[in-house]
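# Examining the three-dimensional arrangement
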Amino acid sequence: MKITKAIIPVAGLGTRFLPVTKSQPKEMLPIVDKPAVQYIVEEAVASGIKQIFLITSSTKRSIEDYFDYNFELEYRLKKAKKLKALQSIRRLSNLAEFIFIRQKEPTGNGDAILRAYEFVKNEPCAVMFADDIIDSRIPCLAQLIKVFEKYQDSVIAVKRIKKSEIKHFGSVKVVPLEKRVYQIKDIIEKPSPGKAPSNLGVVGRYIMTPDLLEALLKFKPKKGKEKGITDGLNAVLKKHPVYACEFEGDWYTIGSKEGFLQANIIFGLKDKEIKKNLKSFLKKHVY
Ligand code: UTP
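Parameters at a glance
- Residues numbered from 1 in each chain as written.
- Predicted model: local features only at pLDDT ≥ 70, side-chain atom pairs only at ≥ 80, totals over all residues.
- Heavy atoms only, no water.
- Helix = DSSP H or I, 4+ residues; strand = E, 2+ residues; numbered from the N terminus.
- Rg over C-alpha atoms; globule rule 2.2 N^0.38 Å.
- Buried < 20%, exposed > 50% of the residue type's maximum accessible area, 1.4 Å probe, protein only.
- Contact = heavy atoms within 4.5 Å.
- Areas by Shrake-Rupley, 256 points an atom, 1.4 Å probe, with all protein chains shown as cover.
- Lys, Arg positive; Asp, Glu negative; His and termini not counted.
- Charge placed at Lys NZ, Arg CZ, Asp CG, Glu CD.
- Core = buried A, V, L, I, M, F, W, Y, C linked by side-chain atoms within 4.5 Å.
- Near = heavy atom within 4 Å.
- Polar contact = N/O pair within 3.5 Å; in protein donor to acceptor, adjacent residues only side chain to side chain.
- Nonpolar A, V, L, I, M, F, W, Y, C, P; charged D, E, K, R; others polar.
- Salt bridge = Lys/Arg side-chain N within 4 Å of Asp/Glu carboxyl O.

## Description of the overall build of the chain
Within the chain, the secondary structure is distributed over 11 helices and 13 strands. A compact globule built from 287 residues would reach a C-alpha radius of gyration of about 19 Å, and the chain, at 19 Å, matches this within 12%. With the C-alpha coordinates of the chain rotated into their principal frame, the extents come out at 60 × 50 × 40 Å. The buried share of the chain, taken over its 287 residues, is 49%. Restricting the contact set of the chain to residue pairs at least 6 apart, pairs at least 24 apart contribute 76%. In the structure as shown, the chain presents an accessible area of about 15900 Å², 54% of it carried by carbon and sulfur atoms. Here the chain holds 52 positive side-chain charges and 33 negative ones, and the gap between their average locations is 3 Å.

## So, the nonpolar core
Ile 8, Ile 52, Leu 54 and Ile 207 are the most contacted members of the largest nonpolar core, which has 51 residues in total. Beyond its immediate stretch of four places on either side in the chain, Ile 8 contacts Ile 40, Val 41, Ile 52, Phe 53, Leu 54, Ile 55, Met 128 and Ala 130. Residues Val 172, Ile 184, Leu 233 and Ala 244 belong to the second largest nonpolar core, which totals 34 residues.

## Examining the environment of Ala 263
Turning to its location among the elements, Ala 263 is positioned in helix H10 (residues 257–268). Looking at Ala 263, the relative accessible area reads 0%, which means it is buried. As a C-alpha pair, Ala 263 and Lys 22 span 241 residues in sequence and 21 Å in three-dimensional space. Every residue in contact with Ala 263, bar those within four places of it in the chain, is listed here: Ile 31, Tyr 252, Ile 254 and Gly 268.

## Some words on the site of the ligand
Residues in contact with the ligand amount to 19 residues; listed here are only the nearest, Ala 11, Thr 15, Arg 16, Glu 27 and Gln 103. Taking Ala 11, its main chain carries an N or O atom lying 2.7 Å from an oxygen atom of the ligand. Leu 13 is positioned with one of its backbone polar atoms (N or O) 3.1 Å from an oxygen atom of the ligand. Contact with the protein chains removes 87% of the 560 Å² of surface that the ligand exposes when unbound. Classifying every residue of the shell around the ligand gives 8 nonpolar, 7 polar and 4 charged.

## A word on the pattern of salt bridges
Summed over the entire model, instances satisfying the criterion amount to 15 salt bridges. Between Glu 74 and Arg 90 there is a salt bridge whose closest N-O contact spans 2.9 Å. Of the two residues, Glu 74 is situated in helix H3 (residues 71–79) and Arg 90 in helix H4 (residues 83–93); the sequence distance between them amounts to 16 residues. Of the charged contacts in the structure, one is a salt bridge between Arg 160 and Glu 246, with a shortest N-O distance of 3.4 Å. Of this pair, Arg 160 sits in strand S8 (residues 155–160) while Glu 246 is found in strand S12 (residues 243–246), placing the two residues 86 residues apart along the sequence. Relative accessible area serves as the criterion here: at 45%, Arg 160 is assigned to the partly exposed category. With a relative accessible area of 13%, Glu 246 lands in the buried category. The network of salt bridges with common partners includes Arg 16, Lys 26 and Asp 131.

What follows is the structure, encoded as structure tokens:
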């Protein structure tokens, strides 16, 4: 079955990047001249996705507006003959079919995914977190889809992480199957030092089969705890295989100051207009 639907939850609070995320969605923070969420949408489209479910909240209206027409701006750009700018904003709303669903409370990324339940319950679909930006020759999601097409069960993206950093991510216990593909035996969220089963960390890209969605639906978090996609995955992998794909490419987690700045430098150094000046600026101030 072809994967044509993706869920992108963007309703989180972004507490790791306060104060900037107080009134500005972290998914709209710019990487050079595009918001983070646009990179995710473009990766989805380049991987064959046609329908995108953005799970938003009352404080994330700017994301809904970003992928909609802006009649006044388009009218004024046309009048001023700023056609390049006009084209760059017009194409956004036509990248895919966008469906916006509200998550009323930030009760976890797993709960956010379930807001799209009725639309994806009978077919495998992609889940992408908008704070993980991946720079790769083959889109990361396309790499996961390839693994799914072979194994026909849920797949998650993983990357090798420094030992000292793994405590901030999910760590997977795995059995290797082939080059860059593993079967997952356990996932430990934010392991305490020395408790990580491997240095393979979970990155926010998933192929979710219907059994994972059902497991998420059934999962009851402890009082005061959020419902995360990992809760569903850990329930499913006791019954079905779940696979990990160690994707090729560079990963930036822009939900933190460091990752956000790194992504801006790397993408800035690839930007035709600014790369020369940015390089000499870095040479002067950093090297
Ligand atoms: P995170 O798990 O990083 O949570 O979300 P967060 O709340 O955004 O960030 P911190 O930890 O407080 O800094 C992964 C993705 O899931 C979305 C987020 O917007 C992010 O894109 N999410 C998270 C939701 O849509 N709803 C939630 O309740 C939680």
